[in-house]
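# Structure at a glance
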Amino acid sequence: MRDIWGLKMEMSSEGILFLKQEEGFRATPYKDGNGFATIGFGHKVKAGECFGAISSVEATALLERDLAVAEKCINDNVHVPITQSMFDALCSFVYNIGCAGFMGSQVLFHLNNKEYDLAADAFMNWHRPNLEGRRKREIALFKGDGNASWDSSGAVLPKAEG
């Protein structure tokens, strides 16, 4: 995925704040909902990594490193025009489910077929009760203001006044 200048897209600063809020900050290691050792803003502790308490600054550095993997996955696999808010929502989604999950998802399938509304709806295929709110917020971000729609070419239609 490239922006209108031919550059690879990156998550915006607003998107990073969104992701940090969704992940929450934990200074010490804990087991996530799937039993994986996790720290900071949702960083999965890898073999050979050892953490005691970390600062928010250290956690942000881990998030940025992990986020680069999600950004690359999206840039390599999305082949249609998307907005920055769509990219930010996809980054949050991929950060949470992983690149392999994204590559096999209906989100990506519909997105690459320019079925933007169906792609947005497909976020909900990846929710558990504790993730339903996150998925709804990602969908709203994906749609820009929560009310976006697209024409058959994939162009974002302007928001109706009123």
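Values in this document were obtained by computation on a predicted structure and should not be read as measured data.

With that settled, the discussion passes to the packing of aromatic side chains. Applying the stated criterion across every chain, the model contains five aromatic pairs. Look at Phe93 and Phe123: their rings are 4.6 Å apart centre to centre, the planes differ by 50°, and that puts the pair in the tilted class. One end of the pair, Phe93, is in helix α3 (residues 84–97); the other, Phe123, is in the loop between α6 (116–122) and α7 (132–142), with 30 residues separating them in the sequence. You can call Phe93 buried: its relative accessible area is 0%. Through successive ring pairs, a cluster of aromatic residues spans Phe93, Phe102, Phe123, Trp126 and Phe142. Lying over the aromatic face of Tyr30, Arg26 brings its terminal NZ or CZ to 4.0 Å of the ring centre.

Turning next to the state of the cysteines. If you walk through the whole model with that rule in mind, you get one disulfide. With no disulfide of its own, Cys91 lies closest to Cys73 among cysteine sulfurs, the gap being 9.5 Å.

With that out of the way, let us pick up the pairing of strand β1 (residues 26–31). By the bridge criterion, three bridges tie β1 to strand β2 (residues 37–40) in an arrangement that is antiparallel. Paired with Tyr30 across the strands is Thr38, a residue of β2. Once β1 ends, the chain turns through five residues before running back antiparallel as β2, passing Gly35 with a positive phi of about 85°.

Calculation rules
Residues numbered from 1 in each chain as written. Predicted model: local features only at pLDDT ≥ 70, side-chain atom pairs only at ≥ 80, totals over all residues. Heavy atoms only, no water. Phe/Tyr/Trp six-rings, centres within 6.5 Å; stacked < 30°, edge-to-face > 60°. Helix = DSSP H or I, 4+ residues; strand = E, 2+ residues; numbered from the N terminus. Buried < 20%, exposed > 50% of the residue type's maximum accessible area, 1.4 Å probe, protein only. Lys NZ or Arg CZ within 6 Å of the ring centre and 35° of its normal. Disulfide = S-S within 2.5 Å. Pairing = 2+ DSSP bridges.

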